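One-letter residues, chain by chain:
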Number of protein chains: 2
Amino acid sequence: MTAIASVTADTLRRYRRACDYLAVAMIYLKDNVLLREPLRPEHLKPRPLGHWGTCPGLTLVYSGLNGLIRRTAQRTLLVTGPGHGAPAIHANLWLEGTHAEYDDALTVDGAGLTELVRRFSWPGGFPSHLSPEVPGVIHEGGELGYALATAFGAALDDPGLMVACVIGDGEAETGPTAAAWHGPKFSGPRSGSVLPILHLNGYKISSPTIFESMSGEELRDYFTGCGWSPRIVDVRDVDDPDTVLAEALDAAHRDLRTATPPMLVLRSKKGAGAPSVDPQGKPIEGTFNAHQVPVDPGDLELLERWLRSYRPEELFDADGTPFEDLLAVPPHGSLRMGVVPQANGGLLREPLPLPEIERFAVPVGAPGATDASATDLLGGWLAELMLRTAARRDFRVVCPDELRSNKLGALLDATPRAFTRSVPGYAEDLAVDGRVMEVLSEHLCQGWLQGYLLTGRHGLFPCYEAFVSIVDSMVNQYAKFLKMSGETPWRAPVSSLNYLLTSDGWRQEHNGYSHQGPGFINNVLTKRASVARIYLPPDANTLLETMRHCLGTTDLINVVIAGKQPSPQWLGADAARAHCRAGAGVWDWASTGGEPDVVLACAGTTPTVETLAAASLLRRRLRVRVVNVVDLLALSPPDRHPHGLSPDEFTRCFGERTPVVFGFHGYPSAVHEVLHGRPRPDRFHVHGYLEEGTTTTPFDLLARNRMSRYDLAADALTRTGGDPRDLLRERDALLAKAYRDGEDPEEFTGWRWTP
Amino acid sequence: MTAIASVTADTLRRYRRACDYLAVAMIYLKDNVLLREPLRPEHLKPRPLGHWGTCPGLTLVYSGLNGLIRRTAQRTLLVTGPGHGAPAIHANLWLEGTHAEYDDALTVDGAGLTELVRRFSWPGGFPSHLSPEVPGVIHEGGELGYALATAFGAALDDPGLMVACVIGDGEAETGPTAAAWHGPKFSGPRSGSVLPILHLNGYKISSPTIFESMSGEELRDYFTGCGWSPRIVDVRDVDDPDTVLAEALDAAHRDLRTATPPMLVLRSKKGAGAPSVDPQGKPIEGTFNAHQVPVDPGDLELLERWLRSYRPEELFDADGTPFEDLLAVPPHGSLRMGVVPQANGGLLREPLPLPEIERFAVPVGAPGATDASATDLLGGWLAELMLRTAARRDFRVVCPDELRSNKLGALLDATPRAFTRSVPGYAEDLAVDGRVMEVLSEHLCQGWLQGYLLTGRHGLFPCYEAFVSIVDSMVNQYAKFLKMSGETPWRAPVSSLNYLLTSDGWRQEHNGYSHQGPGFINNVLTKRASVARIYLPPDANTLLETMRHCLGTTDLINVVIAGKQPSPQWLGADAARAHCRAGAGVWDWASTGGEPDVVLACAGTTPTVETLAAASLLRRRLRVRVVNVVDLLALSPPDRHPHGLSPDEFTRCFGERTPVVFGFHGYPSAVHEVLHGRPRPDRFHVHGYLEEGTTTTPFDLLARNRMSRYDLAADALTRTGGDPRDLLRERDALLAKAYRDGEDPEEFTGWRWTP
């Protein structure tokens, strides 16, 4: 595809006038959208909604990028940080004909124009912010902070792609954005380029911004220090902003591949084109008062004057179709930023060549007879997956510098860590094109991975369990994005967002209280059932099987929690597969048989060990049934979650009236929550993390949270009328030894399951 | 207080040798801690725990700051970002005699030394990371990212204080740290100074760091761009690092008050002093291998050689008491960084002069007859509090640029927004010494406030409800800090951390789905009952009363959720006080009287309106009782939360078998969770946010989530055997109007409670 005939400066101005007009119209009008007659109150939307302030700048950028694409045929994806500037993006999408391709009602004529204007911020129409329902969008932008990291993720492993990323100067104040400026240090020559455009219009909702208050020299220093070649493009008082920006974009495009890549600081007037003051004398254009709906709809005359200042009759013909010169401004076909295939990445997605797990599984003869580190085994399997995708380069692992610490180091034999800077001192496993990305920022990991997944690739985010809550809010927003994507017919499914939470709290007895926190489960449980999955594989083979499953799924958030310490192995590969498919099941080999007095249930590596040890303590006193839960949402009633066990299956596991003592990995409340709607949930007595933590021994940590084998067994005895005092005495005697010796006694550490 | 006699370079080296020796000993030894005899395996802790890599650098800084304090009597608080470097801090605290003041067993002699070394990372002893149990500490540092913002918060409004803040180069990669470098733009001359010391030792756990990979020029550019005067202090290959650092600290101290304040980049060898290689040839000193426990305890000979390299016999006398010259190194009395009063800020805390609410309360005659914006009224009350603290300067409001948007603008009449930069364009309400801090970073707001509260002051954090989840993980860590503080006898209570969540999801119908998220409640519910409080005042006077209460409390996390839109007022000032004290209660005036067929319960501004409207719809068909819940945790059984209603009170509200239809502000799961342990919780049918959101009308948003008055009333009818179809038809007819008109119909918006 080649560049089409050049477009005159006048046409570009007219093009932006058209977009700006449409944006104002979207915010205010439901009728008379081309102002064919004098503006009357009944033409106005009853609730004018939208954000004007950033729109003129966004259109300037969009139109400038259109020009660059026309001249260079550069495949370009746009990530719009200020997602509240949706009217500008809609206007551009409509003029370039993207909207018409996705929706028959949004034709590039008067009917389509009217529909577009009406539909914006109208019940059942387009939301006031960008969203997955909008073509070309991989970033919502309502919660500010993540545009730049998302842009970097989208550019990875796609060397022909340029991702232009607009960052508002409000968003630039956020921490995640501030961290994301270091992206080029992790993005090598086999990846595409990111062109950040910091949109400096001076104001947030009502305050000036940090970056506005910086001098030109400070801005240059800051971005130079981050490794960029900054260029300040000030269009506040220039006659021909299109040409000024075009020159900057052309220069930037030439330099995309340099060691200090280009970035632009675009200084513009906030809400340029709005009236300079309102009738009460309040300044509008160029101030924070232009942020949202700048002119009170009651000031009908002023509003009409503002709308007519764009002279819509010069832009749209009698029918409402844009004049032909305007239609020549955007590029054509899949070069349009609304249609670039990466913006609907599911279309490009190829399923992963997932290795079979058998070769990597640990042989398990008698349950509990062998020990293994689950993540260590998984590391081997992931390394094989890395090798199988070496040519495709569509699988990445992001991690806050914890792969080795999480015993996933085998991955680094398959691909190094990505780092483009030379490191003078000693270092291991670094390369410019590594596909593992380690950075001490969970925000960057998440943002990069989101961009990578949404453009059609695959990935895994291993993280210390306690610190994944750092991205709680990003997960919240991503879950919303997935939910809306699922309701948007033309969006193709993307690979699931897979978390591997390891270094879990029960074995952070050494790092202490700050490293103990299983609350991510609770947050993910607030998500829609169509999106959220939580797995707690109890050993290595179930982890392999779980991860193999998750990496094949789409449009989900899969949370997998697994241990890294060597621990007893319960299920061989076949049994692991069957158990994972069921989601939960009775472990007959650990149960006494017969109708049980009590069900001992468990979910999670450590609780499973404690529960089996509790079963050992109890089996001469009670009939016990041991149930292990891999898929936490199997506990939910099937009408509340698609993974819920059928009532019959649930009863086979938990009976109908039998007391259940449940050893759970996380906060007990999470189990109570998923059980909601099951009959007689009050017979479930859940033990879990009670926020009792410090640096101590593993056994003490369990006992402090009433989750040790003795506590579980004692509870089971109490629930069945027995006397638990001897068990608790035994627990306390062991604790005394641990305090004396500084380590857990052999009675605890040397325990093995014996049938 | 004046500087004491100067200390020789040799003494400083010996002092650091002593600290480094102690740090290694803490990690490894339980016996023979002064190496009076050859090292044997039984002298070693069974589980050596701790992080060596950052310790020598931390001690260099601590000792350098000691010198600065000796020379200048500068009151100095130290915030240690690398909290895993606790051994270094403990060593310094012991040598300066702080430990001995807080704990009789930690005397500055051989017995105290032995106890200190043994107690570190031992069950029941000191955690491996800094924690509230350690004197001088206001920051835990386990979850990296928040040290610098905390330091800025601590320095606010304390012009005589210098807060030195060590930031590890791992931590420097985090977003919150990257944002925090802009702190001086918000901290004026009536505040103290922050002296950041970026500790560049090159490595995280196993990767090189971003900042290590930056050239000296890039580092200078970056920090100059942020507004600092950076000075790079490279001690990797100098003979006398103490003097090099002392000169830099003296120069920095002289320049603390300049417009571009000083910051230091300290380049040191990671784990300096450790063996350069281990017996297997693995490099240690100066590499990431020095991060944690660098020498395998099995390499006893190497470990002994390492320990003896510090020549402990030259540092401690036969008894184990440090030689006298070492004891002259730290400053004395309250100038010691372990004893500076700000580190135990509760001691300095003065209760706020809280205004009575009566003057600000809205008069309420008949319930529901008048409308008011709850946050608007609260703004007036807060403004009065601001005025009353104008001289004390110990109350601040932090907010992500949302005060006006949240109708709290009255505050800005009492004090401007803090901003130290001149703003060339139009701006309102800015001043260098304003006590409102608006920045588009929830992380900064939270970090600043934590530092402010922990040094004995008061504050409020108003935030859009959906975006407060950005600080979920900070709240997690702060809740842990408070829990541990409460268990530390010498810690005085600090003011509670108060959130005002407004712009709540039910009225974010205009901003759309990304702005709708009540999950913060669920996260706070995972916290200890001793720490967490959640309030949902239904109107203005209950909000005033709730906030007056919260601002008087200590050591809590108070979450207050309130509306900003004008809405019906239910309770006068007296009734509001009684209702808030009870936590929950029957609204007789809204109930039909008699034994109810159904209880209509509600919590939150919007659900209360919908519930009362549902009661109106129902009262000719059913006997209904209306119960309003202000204090969510009143629903908890009293053995699970101190605010739990007694069983009798609970029954008076909810009966024993009566079905309860509950209109809840947040996710229904939160109510189910707090009800856990109450009898027959399955009779509670909770309506709340179901993650059905977009830009639409308020009524449609309610209906999508089955929370409209019609849905509540229909559910109540269904639960009592009635037929809800006419109600649902009415709902759908109204929805059709809303979709047609783009606004909610008068039947919804014009509804008023009529008795």
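What you see is a predicted model, and the numbers here were worked out from it, not measured in a lab. (Residues numbered from 1 in each chain as written. Chains lettered and ligands numbered in written order. Predicted model: local features only at pLDDT ≥ 70, side-chain atom pairs only at ≥ 80, totals over all residues. Heavy atoms only, no water.)

*Asks:* I would appreciate a short explanation of the overall build of chain A in the present structure.
*Replies:* A tally of regular secondary structure across chain A gives 25 helices and 20 strands. For chain A, whose C-alpha radius of gyration is 30 Å, the value lies close to the compact-globule estimate of 27 Å for 755 residues. Along the three orthogonal principal directions, the C-alpha set of chain A runs to about 90 × 60 × 45 Å. Within chain A, contacts between residues separated by at least 24 positions form 77% of all contacts whose residues are at least 6 apart in sequence. Entry remark: accessible area of chain A is about 22,200 Å², with carbon and sulfur atoms responsible for 50%. Across chain A, the mean location of the 74 positive side-chain charges is 2 Å away from that of the 92 negative side-chain charges. (Helix = DSSP H or I, 4+ residues; strand = E, 2+ residues; numbered from the N terminus. Rg over C-alpha atoms; globule rule 2.2 N^0.38 Å. Contact = heavy atoms within 4.5 Å. Areas by Shrake-Rupley, 256 points an atom, 1.4 Å probe, with all protein chains shown as cover. Lys, Arg positive; Asp, Glu negative; His and termini not counted. Charge placed at Lys NZ, Arg CZ, Asp CG, Glu CD.)

*Asks:* Is there a simple way to explain the confidence of the model for chain A in this structure?
*Replies:* Should the pLDDT be low somewhere, the predicted coordinates at that spot are not to be read in detail. Residues and elements named next belong to chain A. On average, residues of chain A carry a pLDDT of 96, and 99% of them reach 70 or more. Below pLDDT 50 for its whole length, residues 1–5 participates in 11 contacts with residues either more than four positions away or in separate chains. Note on the complex model: pTM 0.98, ipTM 0.97. (pLDDT = per-residue confidence, 0-100.)

*Asks:* What's the story with the pairing of strand β1 (residues 76–80) of chain A in this structure? I'm lost.
*Replies:* The two faces of a sheet get side chains in turn, since along a regular strand they alternate between them. Residues and elements named next belong to chain A. The buried count for β1 comes to five of five residues, which makes it a mostly enclosed element. Residues T76, L78 and T80 of β1 are buried on one face, and the alternating residues L77 and V79, pointing to the opposite face, are buried as well. Two elements, β1 and strand β2 (residues 162–168), share five bridges in a ladder whose sense is parallel. In the strand pairing of β2, T76 is matched with M162. (Buried < 20%, exposed > 50% of the residue type's maximum accessible area, 1.4 Å probe, protein only. Pairing = 2+ DSSP bridges.)

*Asks:* Help me understand the nonpolar core, please; the structure alone is not making it clear to me.
*Replies:* Nonpolar side chains tend toward joint burial in soluble globular proteins. Y499, F654 and F662 of chain A together with Y499, F654 and F662 of chain B are the most contacted members of the largest nonpolar core, which totals 353 residues. Look past the residues within four positions of Y499 of chain A in its chain and what remains in contact with it is Q446, L460, F461, V468, V471, V475, F520, I557, N558, V559 and V560 of chain A. (Core = buried A, V, L, I, M, F, W, Y, C linked by side-chain atoms within 4.5 Å.)

*Asks:* I tried to follow the packing of aromatic side chains on my own but got confused; where do I start?
*Replies:* Counted under the stated rule, the structure contains 63 aromatic pairs over all chains. Judged by centre distance (5.7 Å) and plane angle (80 degrees), the rings of W589 of chain A and W753 of chain A are edge-to-face. With W589 of chain A in the loop between β16 (584–586) and β17 (598–603) and W753 of chain A in the segment after α25 (746–749), this residue pair connects regions lying 164 residues apart in the sequence. Taking the relative accessible area as the measure of exposure, W753 of chain A reaches 5% and is therefore buried. An aromatic cluster is built from F152, W181, F211, Y222, F223 and W228 of chain A together with F152, W181, F211, Y222, F223 and W228 of chain B, whose rings are joined through pairwise contacts. When the ring centre of Y513 of chain B is taken as reference, the NZ or CZ atom of K483 of chain A above it lies at 5.3 Å. (Phe/Tyr/Trp six-rings, centres within 6.5 Å; stacked < 30°, edge-to-face > 60°. Lys NZ or Arg CZ within 6 Å of the ring centre and 35° of its normal.)

*Asks:* What exactly am I supposed to notice about the state of the cysteines here?
*Replies:* What we call a disulfide is simply a covalent bond connecting the sulfur atoms of a pair of cysteines. Scanning all chains against the criterion turns up zero disulfides over all chains. C580 of chain A carries a free sulfur, and the closest cysteine sulfur to it, the one in C550 of chain A, is 9.3 Å from it. With no disulfide of its own, C165 of chain B has C226 of chain B as its nearest cysteine by sulfur position, at a separation of 14 Å. (Disulfide = S-S within 2.5 Å.)

*Asks:* Hey, could you run me through the environment of K282 of chain B in this one?
*Replies:* Residue and element names in this part refer to chain B. Here K282 is to be found in the loop between β5 (262–267) and α10 (300–308). Judged by relative accessible area, K282 falls into the partly exposed class, the value being 37%. Excluding residues within four positions of it along the chain, K282 makes contact with S276, V277 and N289.

*Asks:* Explain the interface of chain B and chain A to me, please; I cannot follow it from the model alone.
*Replies:* Put simply, an interface is often sized by how much accessible area is lost when its parts join up. Counting residues at the interface gives 113 residues for chain B and 113 residues for chain A. Across the interface of chain B and chain A, roughly 9,300 Å² is buried in total on both sides, 57% from carbon and sulfur atoms. Close ionic contact of K480 of chain A with E691 of chain B constitutes a salt bridge, the shortest N to O distance being 3.3 Å. The tally of links from chain B across to chain A stands at 53 residue pairs in polar contact (both at pLDDT 80 or more). Counting residues per element, the ones that place at least two in the side of chain B that touches chain A are α7 (175–180), α8 (216–225), α15 (472–486), α16 (520–525), α21 (668–675) and α24 (725–741) of chain B. A class-by-class count of the residues in the side of chain B that touches chain A yields 40 nonpolar, 46 polar and 27 charged. (Buried area = accessible area lost by both parts, 1.4 Å probe. Salt bridge = Lys/Arg side-chain N within 4 Å of Asp/Glu carboxyl O. Polar contact = N/O pair within 3.5 Å; in protein donor to acceptor, adjacent residues only side chain to side chain. Nonpolar A, V, L, I, M, F, W, Y, C, P; charged D, E, K, R; others polar.)

*Asks:* I keep staring at the pairing of β17 of chain A and nothing clicks. Help me out?
*Replies:* All names here are of chain A. Buried residues dominate β17, accounting for six of its six residues. Side chains V598, L600 and C602 of β17 all project onto a buried face; the interleaved residues V599, A601 and A603 project onto the opposite face, where all are buried too. With five bridges joining them, β17 and strand β18 (residues 624–629) adopt parallel strand pairing. Within β18, the position partnered with V598 by the bridge is V624. With helix α19 (residues 605–618) bridging β17 and the parallel β18, this β-α-β connection has right-handed handedness. Both β17 and strand β19 (residues 660–664) contribute to a ladder of five bridges, which runs parallel. Following the sheet pairing, A603 is matched in β19 by F664. (Right-handed = clockwise from strand over helix to strand, strands pointing away.)

*Asks:* Please explain unusual backbone geometry as it appears in this structure.
*Replies:* Glycine aside, negative phi is the norm for most residues, and most peptide bonds take the trans geometry. One non-glycine residue, N32 of chain A, adopts positive backbone phi at about 50 degrees. With respect to the secondary-structure elements, N32 of chain A resides in the loop between α1 (9–28) and α2 (55–72). The residue R706 of chain B is not glycine, and still its phi comes out positive at about 55 degrees. By secondary structure assignment, the location of R706 of chain B is in the loop between α22 (698–704) and α23 (709–719).

*Asks:* How do you make sense of the relation of the copies chain B and chain A when you look at a structure like this?
*Replies:* For the pair of chain copies, the relating operation is a rotation around an axis with a shift along it. When chain B is fitted to chain A, the residual RMSD is 0.0 Å, and the transformation amounts to a turn of 180 degrees plus an axial shift of 0.0 Å. Classification of the inter-copy transformation places it as that of a two-fold axis. Among all residues of chain B, the one whose C-alpha sits closest to the rotation axis is G175 of chain B, at a distance of 1.9 Å. In this assembly the copies share their binding face: 99% of the residues contributing to the interface of chain B also contribute to that of chain A. (Least-squares fit on C-alpha atoms with pLDDT ≥ 70 in both.)

*Asks:* Sorry if this is basic, but what is going on with the domain arrangement of chain A here?
*Replies:* All names here are of chain A. Here the domain parsing of chain A yields domain 1 (2–346), domain 2 (370–568) and domain 3 (598–749). Taking only C-alpha atoms into account, the centre of domain 1 sits 34 Å from that of domain 2. With both chains or domains summed, domain 1 and domain 2 bury close to 3,200 Å², and 61% of this area falls on carbon and sulfur atoms. At the boundary of domain 1 and domain 2, one finds three salt bridges. Across the pair D157 and R393 runs a salt bridge, and its minimum N-O distance is 2.9 Å. Between domain 1 and domain 2 we count 18 residue pairs in polar contact (both at pLDDT 80 or more) in total. Listing elements by their share of the side of domain 1 that touches domain 2, those giving two or more residues are α6 (147–155) and α7 (175–180). With six residues, the top contributor of residues to the side of domain 1 that touches domain 2 is α6. (Domains from an automatic or database assignment.)

*Asks:* Could you clarify how one ought to interpret the sheet that holds strand β17 (residues 598–603) of chain B in this entry?
*Replies:* Strand pairing within a sheet occurs via backbone hydrogen bonds; the two strands may be parallel or antiparallel. Residue and element names in this part refer to chain B. Sheet architecture is open: five strands sit in the order β16-β18-β17-β19-β20, paired in mixed fashion. In this open sheet, the two strands that pair with only one neighbour each are β16 (584–586) and β20 (684–687). Each neighbouring strand pair of the sheet contributes to a mean axis angle of 20 degrees, computed without reference to strand direction. (Axes fitted to C-alpha atoms, helices over the stretch in contact; angles between N-to-C directions.)

*Asks:* Quick question: what am I supposed to make of the side chain of E673 of chain A here?
*Replies:* Inspection of the secondary structure puts E673 of chain A in helix α21 (residues 668–675). One buried charged side chain, E673 of chain A, makes no salt bridge at all; its nearest oppositely charged neighbour is R640 of chain A, positioned 6.4 Å away. Separated by 3.4 Å, the side chains of E673 of chain A and S669 of chain B make a polar contact. Those residues in contact with E673 of chain A that lie beyond four places of it in its chain are L525 of chain A together with S669 of chain B.

*Asks:* Help me understand the packing of helix α8 (residues 216–225) of chain A against α8 of chain B, please; the structure alone is not making it clear to me.
*Replies:* Relative placement of two packed helices is described by the angle separating their axes and the distance separating the axes. Contact geometry of α8 of chain A with α8 of chain B gives a least axis separation of 7 Å together with a crossing angle of 135 degrees. Considered as vectors, α8 of chain A and α8 of chain B are oriented oblique to each other. In the crossing of α8 of chain A with α8 of chain B, the sense of the turn from one axis to the other is left-handed. Judged by residue contacts, E218, D221, Y222, T224 and G225 of chain A of α8 of chain A engage E218, D221, Y222, T224 and G225 of chain B from α8 of chain B. (Parallel < 35°, antiparallel > 145°, perpendicular 65-115°, else oblique. Left-handed = near helix turned anticlockwise from the far one by under 90°.)

*Asks:* Explain the environment of A343 of chain B to me, please; I cannot follow it from the model alone.
*Replies:* Residues and elements named next belong to chain B. Of note, A343 is situated in the loop between α11 (324–327) and β6 (371–373). The class for A343 is buried, based on a relative accessible area of 3%. For the pair A343 and A105, spaced 238 residues apart in sequence, the C-alpha separation works out to 22 Å. Setting aside anything within four residues of it in sequence, one finds A343 in contact with L77, G136, V137, I138 and R491.

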